[in-house]
Every structure is written in C-alpha cells, then in structure tokens.
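Listed below are the residues making up each chain.
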Amino acid sequence: MQLSNEEEDYNLSLSKFESMLKTNKVLFFDSEEFEEIILHYIDMGKAALAKKALKLALDQHPKSTGLKLVQVEMLVYDDKLEIAEKLLNELYAIEPTNEEIYIQKANICSKRDQHEKAVEQLKIALKFTDDYADVYNLIGMEYLFMDNLELAKESFIKCLEEDFDDQSALYNVVYCFEFLDQNQEAINYLTKYIDKNPYSEIAWHQLGRLHYGVKEYENAIRAFDYATLIDDEFLGAFMEKAKAYERLKKYAEAIESYERTIELDDATSYALLRIGKCHEKLGNKALALKYFNKTVHEDPLLDKGWIAITDFYVRQKNYQKALFYVNKALAIDNQNRLYWKRFASINKQLNFFEEAEFGYRKAVEFGDYQLDTWLFWVDILQFLGEFESAIQTLLQASEYFPEENEIEYRLAGLYFMIQDNTKAKFHLSNAMRLNFDNYIIIEDLFPVVWTKKMVQNYIAKHKKL
C-alpha cells in the first residue's frame, strides 16, 4: 500500500528526530513537525521522549502557540493543573479565538470533576472551531461523566451529523440508546444512518445487536450478513450471527458462523463450546464430545466446558464419567449452586447418598432455594435416617414456601416417624387442606407411617369433611 505524501513526510520527520537523538546533533524542525512528533510519543505512551521533544521544540520555537498548547496537554496529563491553567490564561490573552484553549480549559475542568464547567468551555470552543465533530464528541463524553445520557446521546448524534465516520461516536450513541432502554429508537436511528452511510459495517453490526436484543433474530442475521459482506473478517459480526442462528435453532448455520470466527482468529473456548452444543442439538454426539474436549483443552479453567461434558454424559446416563467431570468444574468454581446440584443428582443416581446429601446442602448454602432442591435434600436425609435434620431443613424451606403441601406432607411423615403425633397431625391437616389428593406422598415416602391405623383414620375423616 502506497503512503500519502503527508504520511511520508510524517515518517521522515520521525526518523529524522530519532536519528538526531542518537547522534546528539541538533537539527531544525518546524513547529508543526514538532507537534506531530510529540503527539505521536504521547499516543505511544512514551512520555519521556515526548517531554524531550517538547523541550527541544520550545527551544527552537519559544513563541509557538501550538507547541504551548501541547505543553498544556502534557501538564494536564501529569496532573499539573494549576501550571497548565496559568499557561492557558497567558495564551488566552494572546489568542482568545483559539478553540484549543477552550478545549484544554474543559480538559482541566473535567480532571477536577467540574463537568458542567467543562461543557460551558466546550460550547465556547464550538464558536471558533472548524472541527465541530470533535467538540461535540467531547461534550458527549462530559455528559456521560455526569450520567446525563439523554444530552450525551444528542451530542453524539450531532457529532455524527458532522462526521459520519466517527466510530467512537457511533458506539457511544448506541450505548446511550441502550442505557436509556430505547432499543426501538436506536433501531430507527441506525436504519436512517445506514440509509445515508450504507457501507458502515459498524452500523450494521450494532443494528444486528439491537435486533438480537429485542429477539428479532431474522432481522439480526440480515444485519450481521451485511456487516460481514462489507468486512469479511469482522469476527464480532460472525460470532453474533452464530448466536442468532442458535436462537432460531438453525444449528448447522450457527456452526458455520462459529467456524468462521476460528478461521479468522485463534480458536476461542466459547466458540468451541457453542459448536459442541450445536452438534449435540443436531444429534452428532461424537462431534459434540470432540468439541467439548477441545474446549477444555483450549481453556482448562473454563468451568462451563467441564459442565458441558458433565451434562453430555448425564444425558447418556453415564453417571460415573459425569461425576468425574462435574468434580473438574467444582474444582474451578466451588461456590456455584448449579454445579453442586448437578453433583448431588449424579451421586444420587450412583446411590452415593451421603455425597448427594452434601451436594444438595452446598447448593442451598450457595443460594439454590428451588423447591425441588429442598425436597431432594430432605428425601435423602430421610433415607439416611436423619429425621431431625430433615425436619429442620423442611422448616427452613417452609420460610420460602409457607403454603406448600409437599413440605407439609413430609413434615407430617417425619413427625410420625419420631412419634411426635401432635405436630404430625397438625402438618397432615395443613397438607390435606392445601392438596388432599397428594396424600399419596405419605404412602410413597413413609410406608411405615401409611400402614398406621391412626393415619388411615385421620385421612378418611378429613376426606368426609
């Protein structure tokens, strides 16, 4: 690719300057050359070289306003705000119509968290600038700092009206729409933007994301298609398109898009995992397992990869292997309630009841308050003969489910088991009031209790009422 004359001049100035530093010869540069050299080093994060260049520049051009404004920028960067402000006031006395003075004043105000004052300075800069887009963008950022998303959005829109190709403003305007929960308005805005700028892959990608967010998956895919047509290496658009295909259960198309992301960049564990899940949905079990294994090979610390293999083996009813892999996931995240619940249910299937009880206990400890989790836990405690612990667990569960017949029937059965007939009858009455037909829970879970004549009579008496 051929460089423009400006780029060639810039590269030449930079080479000349660096050559001068190596030889200790003092060469002449005009002030604009120095400005570009200094700003280059600032952008590269090479502060020491930027300062060296600035010192040489001011030696050669002590009255250059442009260089003094660069000096202000560096002072602000170093948090030397008072010195920067003093220098700005001196420059203001010389050039009161220089917009860069107001931009740097705004920068100082912003550093001091005086964002409203910063906006005031930037609005003055608008009167003198030729680069409206840049100033509107800066105003938008100040409004973002103030959490005034509506005014920020307006500023970024004005910026884009001045400069269609300002990608940061485009991202920011979409961010504002989304933060304000104005997804449909954002879609309308981007549609109009694309009418005027149809080759903006960023706009198409953002439009696709917004359609995806409101579950318009076909429209999302169409937008992502345009983004990838404009830029056939747009990894993010291929990834988002694959997710939309998954939502539509078009798993073969999703796999194709995920594979494209792997062609464009190194394989990510996320893409490998999703390809595995898509193959599993298509019934390609061997391929699914292959990709799940690739996932954990790519990122051994990705717990979701190990869980995918766990769930795969659970569906195959191979609980021994499932247990091995769920333990791998728990070794990475041992505070995940969903993993503990899987651990418990797998151990239950293997008749490892003490381990299953431990798993359900940990699941609840880490925030799983689903009714079935409580009930599975209690039923195992009962099976292990730990009636008192089972009762205490059910009483805890009843705080979350105060009118749940399945809890009441179990409490009744357990109180009968420990010969506390008064409490047993109380909970049995409650249970039958809530759902009489579910008394078979007593028959299924407490056969010893079910055969008691007192229990049979109590149920029969309730049936007549």
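From a predicted model like this one, the values you see are computed outputs, not experimental measurements.

Undergrad: Can you break down helix H12 (residues 201–213) residue by residue, with the values?
TA: Think of an α-helix as 3.6 residues a turn; residues three or four steps apart then line up on the same face. Helix length check: H12, at 13 residues, gives a terminal C-alpha distance of 18 Å against a target of 18 Å (1.5 Å per residue), a fit within 8%. Counting buried positions along H12 gives eleven out of 13 residues, so the element sits mostly inside the fold. Along its buried surface, H12 packs onto helix H10 (167–179), helix H11 (183–196), helix H13 (217–230) and helix H14 (235–247). Of the residues trailing H12, Lys-215 is marked for its positive phi of about 65°.

Undergrad: I'd like to hear about a negative patch on the surface, residue by residue, with values.
TA: A surface patch of negative charge is lined by Asp-130, Asp-131, Asp-134, Glu-161, Glu-162, Asp-163 and Asp-165. Inspection of the secondary structure puts Asp-134 in helix H8 (residues 132–145).

Undergrad: Mind laying out the packing of aromatic side chains, listing which residues take part and the relevant values?
TA: Tallied over the entire structure, the rule returns 23 aromatic pairs. What links up through ring pairs into an aromatic cluster is the set Phe-292, Trp-306, Phe-312, Tyr-313, Phe-324 and Tyr-325. Stacked on the ring of Tyr-212, the Lys or Arg Lys-243 has its end atom at 5.8 Å from the ring centre. The aromatic ring of Trp-306 is capped on one face by Lys-328, whose charged end is 5.2 Å from the ring centroid.

Undergrad: Which residues make up the packing of helix H4 (residues 65–77) against helix H6 (residues 99–111), and what values go with them?
TA: Where H4 meets H6, the closest approach of the two axes is 11 Å, and the angle between their N-to-C directions is 5°. Relative to H6, the element H4 is oriented roughly parallel. Contacts between H4 and H6 involve Leu-69, Val-72, Glu-73, Val-76 and Tyr-77 from the former and Glu-100, Ile-101, Gln-104, Asn-107, Ile-108 and Lys-111 from the latter. Here the contact of H4 with H6 is built from residues that sort into six nonpolar, two polar and three charged.

Undergrad: Which residues make up the UniProt feature "repeat: TPR" (unreviewed entry) in the protein chain, and what values go with them?
TA: UniProt marks residues 133–166, 201–234, 235–268, 269–302 and 303–336 with the feature "repeat: TPR" (unreviewed entry), using the numbering shown here. Along residues 133–166 the backbone is 79% helical and 0% strand, and the end-to-end C-alpha distance reaches 8 Å. Taken as a whole, residues 235–268 contains 79% helix and 0% strand, while its terminal C-alpha atoms sit 12 Å from one another.

Undergrad: How would you sum up helix H16 (residues 269–281)? Please name residues and give values.
TA: With 13 residues, H16 extends 18 Å from end C-alpha to end C-alpha; this agrees with the ideal 18 Å at 1.5 Å per step. A large share of H16 lies buried, amounting to ten of its 13 residues. Every buried residue of H16 is listed here: Ser-269, Ala-271, Leu-272, Leu-273, Arg-274, Ile-275, Gly-276, Cys-278, His-279 and Glu-280. Taken from the residues just after H16, Gly-283 is the one with a positive phi, measuring 85°.

Undergrad: An account of the nonpolar core is needed here, citing residue identities and associated values.
TA: In terms of nonpolar packing, the biggest core is built from 60 residues, with Ile-139, Leu-170, Val-173, Tyr-189, Leu-190 and Tyr-258 touching the most fellow members. Core analysis: the next-biggest nonpolar cluster, separate from the first, contains 36 residues, Trp-377, Ile-407, Tyr-409 and Ile-459 among them.

Undergrad: Residue-level account of the side chain of Glu-240, with values.
TA: Relative to the helices and strands, Glu-240 is located in helix H14. Apart from residues lying up to four places away in sequence, Glu-240 is in contact with His-205, Arg-209 and Phe-224.

Calculation notes
Residues numbered from 1 in each chain as written. Predicted model: local features only at pLDDT ≥ 70, side-chain atom pairs only at ≥ 80, totals over all residues. Heavy atoms only, no water. Helix = DSSP H or I, 4+ residues; strand = E, 2+ residues; numbered from the N terminus. Expected span 1.5 Å × (residues − 1). Buried < 20%, exposed > 50% of the residue type's maximum accessible area, 1.4 Å probe, protein only. Contact = heavy atoms within 4.5 Å. Patch = residues over 30% accessible without salt bridge, like charges linked within 9 Å, V, L, I, M, F, W, Y side chains within 5 Å. Areas by Shrake-Rupley, 256 points an atom, 1.4 Å probe, with all protein chains shown as cover. Salt bridge = Lys/Arg side-chain N within 4 Å of Asp/Glu carboxyl O. Lys, Arg positive; Asp, Glu negative; His and termini not counted. Charge placed at Lys NZ, Arg CZ, Asp CG, Glu CD. Phe/Tyr/Trp six-rings, centres within 6.5 Å; stacked < 30°, edge-to-face > 60°. Lys NZ or Arg CZ within 6 Å of the ring centre and 35° of its normal. Axes fitted to C-alpha atoms, helices over the stretch in contact; angles between N-to-C directions. Parallel < 35°, antiparallel > 145°, perpendicular 65-115°, else oblique. Nonpolar A, V, L, I, M, F, W, Y, C, P; charged D, E, K, R; others polar. UniProt positions renumbered as here; feature names shortened; annotations may be inferred. Core = buried A, V, L, I, M, F, W, Y, C linked by side-chain atoms within 4.5 Å.

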